[in-house]
Amino acid sequence: NLDALAETADRVFVGTCIDIKDIKKDKLAKVHVVKYTFKISEGIKGVAGKTEISFKQWKATTREAGYTIGEKYVLFLYPNSRLGLTSPVGFLQGQFNINTDSISHREFVINKLANKGLYKNLKGQSADEHHHIHPGEGTSEATLIERDEFVKNIRAIVKSQEGKKWK
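So, here's what we can say about the structure. (Residues numbered from 1 in each chain as written. Predicted model: local features only at pLDDT ≥ 70, side-chain atom pairs only at ≥ 80, totals over all residues. Heavy atoms only, no water.)

## Some details on the sheet that holds strand 2 (residues 33-45)
With antiparallel pairing, the 7 strands of this open sheet are ordered in space as 3-2-1-4-5-6-7. At either margin of the open sheet sits one strand with a lone partner, and together these are strand 3 (52-58) and strand 7 (145-146). (Pairing = 2+ DSSP bridges. Helix = DSSP H or I, 4+ residues; strand = E, 2+ residues; numbered from the N terminus.)

Okay, structure coming up:
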């Protein structure tokens, strides 16, 4: 769920992919990697003061979870491994594409698992209190979540988790 994604992530942000570099043999990791660079539009966790972030991901994991230059995402990234690599938390669960509705021009987020289980068993509030659902809930269509509400929910979760660390 969203609590677990936020707690496990080292870095959470909203950003646009601005560069992709294919590195056949990374100096540290000694494997084929892809280096992604994002322009951060909203830092949520672990990226305070940064306007850009770059990270490397093992090439084999990018087939299903790659990015596209110019596209916007909300990402929950694991801490870098000792080899300097990372990936989205829960693989496909921590990578959210941001799509704009062509009629309303509102932005929605969706991961490759159609946002399943994100609001299940959240601590403290019901799913209805946490987000606004785009029509399609309970059908075969994916559940789209409004971007602004999603980011607001993540910020609240991160803040509550930080408060628990100090108690």
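## Considering the pattern of salt bridges
Tallying each qualifying case throughout the model produces 11 salt bridges. A salt bridge links Lys21 to Asp19, with the nearest nitrogen and oxygen atoms 2.8 Å apart. Lys21 sits in the partly exposed class, given a relative accessible area of 46%. In this structure, Glu107 engages Lys72 in a salt bridge whose closest nitrogen and oxygen atoms are separated by 2.4 Å. You can see Glu107 sitting in strand 6 (residues 107-111) and its partner Lys72 sitting in strand 4 (residues 72-77), a full 35 residues away along the chain. When its relative accessible area of 22% is taken as the criterion, Glu107 is described as partly exposed. Connected via shared salt-bridge partners are Glu42, Lys72, Glu107, Arg147, Asp148 and Arg155. (Salt bridge = Lys/Arg side-chain N within 4 Å of Asp/Glu carboxyl O. Buried < 20%, exposed > 50% of the residue type's maximum accessible area, 1.4 Å probe, protein only.)

## Considering the pairing of strand 5 (residues 95-100)
Alignment of strand 4 against strand 5, held across 3 bridges, turns out to be antiparallel. Within strand 5, the residue paired with Leu75 across the bridge is Gln95. One ladder, built from 5 bridges, connects strand 5 with strand 6; its direction is antiparallel. Bridging across to strand 6, Asn99 finds its partner in Phe108. Counting the residues that bridge the hairpin from strand 5 to strand 6 gives 6 residues, and of these His105 lies at a positive phi of roughly 65°.

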